[in-house]
Amino acid sequence: MRIARSIAELRLALAGAGRASFVPTMGNLHEGHLTLVRLAREFDTPVVSSIFVNRLQFAPSEDFDTYPRTFEHDCELLDGAGCDLLFAPPESELYPQPQTYTVLPPAALANILEGQFRPGFFNGVCTVVLKLLNCVGPCAAIFGKKDYQQLLVVREMVRQLALPVEIIAGETARAADGLALSSRNGYLSATQRNEAPALAAELRRVAAAVQSGAGGWPELEAAAMRALEQRGWRPDYVAIRRQADLGVPAPGSRPAGDEPLVVLGAATLGATRLIDNIEIAPAA
Ligand code: PAF
C-alpha cells in the first residue's frame, strides 16, 4: 500500500491508475472500516482510503484532541484488507488556511437528530468529504450505515451538487453481542462495554414492535428512552424515521413498501456517546 501525504503526491499516485473506489475514515480503524474497504474491492478499481481527523466536525467540547490516532496499526489493517493507496494528509495540507468556504447542508436533513445534538457537525462532515472527493476523484465512495444520517447527508450533497461519484452504503459491522463497531467503543470501561449492546437491543425492540404492526410510535420511542435511562444511559433520542429522508413518518401504520423506516438512537454511557440504527423491513 502506498501512502500519500500531500494532494500532489496523491494525484501523482493516481495518475493513469483509473478512477478509484474510496473509503474516507478518521483512522482508529476497526473491522467496520475494513468491511467497507472489502466492499470497495468488489469494484474493479484501485482502492483508496483516507485517514484525516477532521477538526471541522468536532465541537469545542468534543474529543478532537483525544481522538485516538493509531496510524501505524491502521496502515497494517488497511494493507491487509487490500487498500492500494492511503491518503493521510497533515492538517496543514488539507486546511493550509482557515477553511472559510464550507458546505451548509439543508437544515431539514442536517439539523435534526445528530445535527440537533451536534450543531455544525454535518457542515464539517460535508466540507471535508467534498474536499476529499475533489482530491481523490473516485467513481465510488463507501459510507457505513452505522452513521446513517451522515450517509444520507453526503448522498444528498453529491446529488444536489452533481458530483461525479456514486455513494455506496456499507452494512453496519457488529460484535457478536450486537454492539455496532465504532471507534468510540474503545472509550468504554469493561462494565460499560458489557452494557453497550443495550442500545441496539432497545432499537431492535422498537423496530420489531413497528414491524409487527404496533401503533403509538411516539410512546414506543419514549419507552425505549426510559428503558435506557433506567439502565444508566443518557439518551438524546430514539426516533422512528423514513429511511429515504429521515422525515417523521405518518404514524401508526405498518411500514408500507414504498416508505421503509429506520429506528435511530443516540445515547451516552458514562462519558461515551454512542449512536446506532436498525432498518425496518417494509411489510410484505
Ligand atoms: O465517518 C467518518 O469517519 C467521518 O465523518 C468522515 C466521513 C471520514 C469525514 O471526516
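Residues numbered from 1 in each chain as written. Predicted model: local features only at pLDDT ≥ 70, side-chain atom pairs only at ≥ 80, totals over all residues. Heavy atoms only, no water.

## Observations concerning the nonpolar core
Thought 1: Counting 47 residues, the largest nonpolar core has Leu10, Phe87, Leu94, Val129, Leu133, Ile167 and Leu246 as the members making the most contacts within it.
Thought 2: No other element matches helix α7 (residues 121–136), which puts 11 residues into this core.
Thought 3: The residues touching Leu133, leaving out its near neighbours within four places in the chain, are Phe22, Pro138, Ala141, Val158, Leu163 and Val165.
Thought 4: Ranked by size, the runner-up nonpolar core spans 24 residues in total, among them Leu179, Leu188, Ala198 and Ala207. (Core = buried A, V, L, I, M, F, W, Y, C linked by side-chain atoms within 4.5 Å. Buried < 20%, exposed > 50% of the residue type's maximum accessible area, 1.4 Å probe, protein only. Helix = DSSP H or I, 4+ residues; strand = E, 2+ residues; numbered from the N terminus. Contact = heavy atoms within 4.5 Å.)

## Description of the side chain of Glu221
Thought 1: For Glu221, the location among the structural elements is in helix α11 (residues 217–230).
Thought 2: The side chain of Glu221 sits in the buried core without any salt bridge; Arg241 is the nearest counter-charge, 5.5 Å away.
Thought 3: Beyond its immediate chain neighbours, meaning those up to four positions away, Glu221 contacts Val238, Ala239 and Ile240. (Lys, Arg positive; Asp, Glu negative; His and termini not counted. Salt bridge = Lys/Arg side-chain N within 4 Å of Asp/Glu carboxyl O.)

## Comments concerning the environment of Gly115
Thought 1: Checked against the element boundaries, Gly115 lands in helix α6 (residues 114–117).
Thought 2: Relative accessible area serves as the criterion here: at 7%, Gly115 is assigned to the buried category.
Thought 3: Through-space distance from the C-alpha of Gly115 to that of Gln150 is 9.8 Å; in sequence the pair is 35 residues apart.

## Some points on empty space enclosed by the protein
Thought 1: All chains considered together, the criterion is met by one cavity of 30 Å³ or more.
Thought 2: Its volume calculated, the largest cavity comes out at about 60 Å³.
Thought 3: In this structure, the largest cavity is lined by Lys146, Leu179, Ala180, Asn185, Ala196, Leu199, Ala200, Leu274, Ile275 and Asp276.
Thought 4: Contributing elements (two or more residues each) for the lining of the largest cavity: α10 (197–211) and β9 (272–280).
Thought 5: Here the lining of the largest cavity takes three residues from β9, the largest share from any one element.
Thought 6: Grouping the amino acids of the lining of the largest cavity by side-chain chemistry returns seven nonpolar, one polar and two charged. (1 Å grid on protein atoms, 1.4 Å probe; cavity = no way out; pocket = protein on both sides within 12 Å on 5 of 7 lines; lining within 4 Å. Points joined across faces, edges and corners; volume = space filled by probe spheres on them. Nonpolar A, V, L, I, M, F, W, Y, C, P; charged D, E, K, R; others polar.)

## Section: the pairing of strand β5 (residues 140–144)
Thought 1: Counting buried residues along β5, five of its five residues qualify, which places the element largely inside the surrounding structure.
Thought 2: Across the two faces of β5 the burial is the same, with Ala140, Ile142 and Gly144 and Ala141 and Phe143 all buried.
Thought 3: Across two bridges, strand β2 (residues 21–25) lies against β5 in parallel orientation. From the neighbouring strand, Ser21 faces β5, where its bridge partner is Ala140.
Thought 4: Pairing geometry for β5 and strand β6 (residues 166–170), over five bridges, is parallel. By the bridge assignment for β6, Gly144 is matched with Gly170.
Thought 5: Following the backbone out of β5, through helix α8 (residues 148–160) and into the adjacent parallel β6, one traces a crossover that is right-handed. (Pairing = 2+ DSSP bridges. Right-handed = clockwise from strand over helix to strand, strands pointing away.)

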